[in-house]
Amino acid sequence: MSNMLTRRQAILAGLGSIATLGLAACGGSASSDGAAADGASKVYKIATDTTFAPFEYAETDGTYVGIDVELLAAVAADQGFEYELEPLGFDAALQAVQAGQADGVIAGMSITDERKKIFDFSEPYYDSTVCAAAKDGGDIKSLDDLKDKTVAVKTGTMSESWANSLAEKYGFTTVAFDTSDVMYQDVEAGNTACCFEDTPVMSYAISTGNVKLALIAEAEADSEFATPYGFAVNKGENAELLSMFDAGLANIKADGTYDKIVGTYVQSVA
Ligand code: GLN
């Protein structure tokens, strides 16, 4: 456990300035009604997941870090807008945007045709797919081993949809969790036979030693479950925020900031 923390801290070493940037972005003078009459800029509320490393997760002091967190900070700095990051959990974040309680969501959110009916998405910013993972060294080695078993899924996610599409064929039932970390713990404890998750997130958790799980299956690369992540706003709303996100994303891709942010997390683990 302490070894694990040490390693995670090592991965995060050097990110202090970025964490501070995230906090600074939250420190803007909030106006009561968003766009203030005196022309002060609006402080956007951006909802995110709570535990979804390497995209968003809390350091031990509660500061949020991760690829999404840093991309948002870089885009906001590039475009000159202010925001508050609200780690609500994945399903809750999507609901907050739909209810008008948040202006946008960045949460490793897969761009899907179904979601496009209720959200407007930015350009894709990260390729992803979904997988299943079971206890490392355990009896569950493939989807064929899941007959009559209960598996863990995360509420409202793409990987939950993938699990549901396989349930009848492989003869398993699902139990849903709100957060990835609690879902992994359930599999490690032996309560559920495996969990379904996004591959970049599951692979990161395994490679950092944070969980003792191993991949047992992955969706086909050309399937409907292998779609990239996007930043999203409620359909037809916050068009200005969305276009700033796209413009900022293009700029930080062009100047190397995007690669630097992603590389910090991915290469540190490799
Ligand atoms: N990418 C997945 C989805 O959009 C999961 C996102 C998450 O759990 N934060 O459904």
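Preceding block: the structure.
Residues numbered from 1 in each chain as written. Predicted model: local features only at pLDDT ≥ 70, side-chain atom pairs only at ≥ 80, totals over all residues. Heavy atoms only, no water.

A.B. asks: Help me understand the overall build of the protein, please; the structure alone is not making it clear to me.
C.D. replies: Helix and strand content of the protein: ten helices and twelve strands. The 270 residues of the protein split such that 50% are buried. If you take every contact in the protein between residues at least 6 apart in sequence, the share linking residues at least 24 apart comes to 73%. A total accessible area of about 12200 Å² is found for the protein, and carbon and sulfur atoms account for 50% of it. (Helix = DSSP H or I, 4+ residues; strand = E, 2+ residues; numbered from the N terminus. Buried < 20%, exposed > 50% of the residue type's maximum accessible area, 1.4 Å probe, protein only. Contact = heavy atoms within 4.5 Å. Areas by Shrake-Rupley, 256 points an atom, 1.4 Å probe, with all protein chains shown as cover.)

A.B. asks: Sorry if this is basic, but what is going on with the site of the ligand here?
C.D. replies: Within the structure, the ligand sits among 13 residues, and Gly108, Arg115, Lys154, Met158 and Asp198 are positioned closest to it. In the environment of the ligand, a nitrogen atom lies 2.7 Å from a nitrogen or oxygen atom belonging to the side chain of serine 110. Contacts to the ligand include aspartate 198, whose side-chain N or O atom sits 2.5 Å from a nitrogen atom. When isolated, the ligand has an accessible area of 300 Å², and the protein chains bury 100% of it. (Near = heavy atom within 4 Å. Polar contact = N/O pair within 3.5 Å; in protein donor to acceptor, adjacent residues only side chain to side chain.)

A.B. asks: Would you explain helix 4 (residues 90–98) in this entry?
C.D. replies: An α-helical turn contains 3.6 residues, so any two residues separated by three or four positions project in the same direction. Residues of helix 4 that are buried include every one of Phe90, Ala93, Leu94, Ala96 and Val97, and no others. Taken end-on, helix 4 shows its buried residues confined to a sector of 160°, consistent with a single buried face. Looking at the buried positions of helix 4, the neighbouring elements they touch are strand 1 (43–48), strand 5 (104–105), helix 5 (113–116), strand 6 (119–121), strand 8 (150–154) and strand 12 (232–234). (Arc of directions from axis to C-beta.)

A.B. asks: Sorry, what's going on with unusual backbone geometry here?
C.D. replies: Trans peptide bonds make up most of the peptide bonds, and negative phi angles are found at most residues other than glycine. Residue proline 54 follows alanine 53 across a cis peptide bond; omega there is 5°. By secondary structure assignment, the location of proline 54 is in the loop between strand 1 and strand 2 (57–58). A positive phi angle, near 65°, is found at aspartate 148, a position not held by glycine. Take aspartate 148: it is sitting in the loop between strand 7 (130–135) and strand 8.

A.B. asks: Help me out: how do you make sense of helix 3 (residues 67–79) in this one?
C.D. replies: Its 13 residues give helix 3 an end-to-end C-alpha distance of 18 Å, which sits within 8% of 18 Å, the value for a rise of 1.5 Å per residue. Buried residues dominate helix 3, accounting for ten of its 13 residues. Buried within helix 3 are the following residues: Ile67, Asp68, Val69, Glu70, Leu71, Leu72, Ala73, Ala74, Val75 and Ala76. Backbone geometry just downstream of helix 3 places glycine 80 in the positive-phi region, at approximately 70°. (Expected span 1.5 Å × (residues − 1).)

A.B. asks: Just checking my understanding: could you explain the pattern of salt bridges for this structure?
C.D. replies: A side chain of one charge can pair with a side chain of the opposite charge when the charged atoms of the two come close. Counted under the stated rule, the structure contains five salt bridges. Lysine 116 is the partner of aspartate 113 in a salt bridge, and the nearest nitrogen-oxygen pair spans 3.8 Å. Note that aspartate 113 and lysine 116 are positioned in helix 5 at a spacing of three residues, about one turn of the helix. (Salt bridge = Lys/Arg side-chain N within 4 Å of Asp/Glu carboxyl O.)

A.B. asks: Help me out: how do you make sense of the side chain of serine 128 in this one?
C.D. replies: Topologically, serine 128 is positioned in the loop between strand 6 and strand 7. Among the polar contacts listed, one links the side chain of serine 128 to the side chain of tyrosine 229, at a separation of 3.1 Å.

A.B. asks: What am I meant to see in the nonpolar core here?
C.D. replies: Across soluble globular proteins, nonpolar side chains show a tendency to be buried alongside one another. If you look at the biggest cluster of nonpolar residues, it comprises 49 residues, and the most contacted ones within it are Ile46, Phe81, Tyr83, Tyr184, Cys195 and Met202. With eight residues, the single largest contributor to this core is helix 3. Apart from the residues within four sequence positions on either side, methionine 202 is in contact with Cys131, Ala133, Tyr184, Cys195, Glu197, Val211, Leu213 and Leu215. Judged by nonpolar contacts, the second largest core, of 22 residues, contains Trp162, Ala163, Tyr170 and Ala193. (Core = buried A, V, L, I, M, F, W, Y, C linked by side-chain atoms within 4.5 Å.)

A.B. asks: When you look at the packing of aromatic side chains in this model, what are you seeing that I'm missing?
C.D. replies: How two aromatic rings sit relative to each other is given by the distance of their centres and the angle of their planes. Evaluated as defined, the whole model comprises 13 aromatic pairs. Aromatic side chains phenylalanine 81 and tyrosine 83 sit 6.4 Å apart centroid to centroid with 65° between the ring planes, which places their arrangement in the edge-to-face category. Three or more aromatic residues joined by ring pairs form one cluster here, namely Phe52, Phe55, Tyr125, Tyr126, Tyr229, Phe231 and Phe245. When the ring centre of tyrosine 258 is taken as reference, the NZ or CZ atom of lysine 253 above it lies at 5.1 Å. (Phe/Tyr/Trp six-rings, centres within 6.5 Å; stacked < 30°, edge-to-face > 60°. Lys NZ or Arg CZ within 6 Å of the ring centre and 35° of its normal.)

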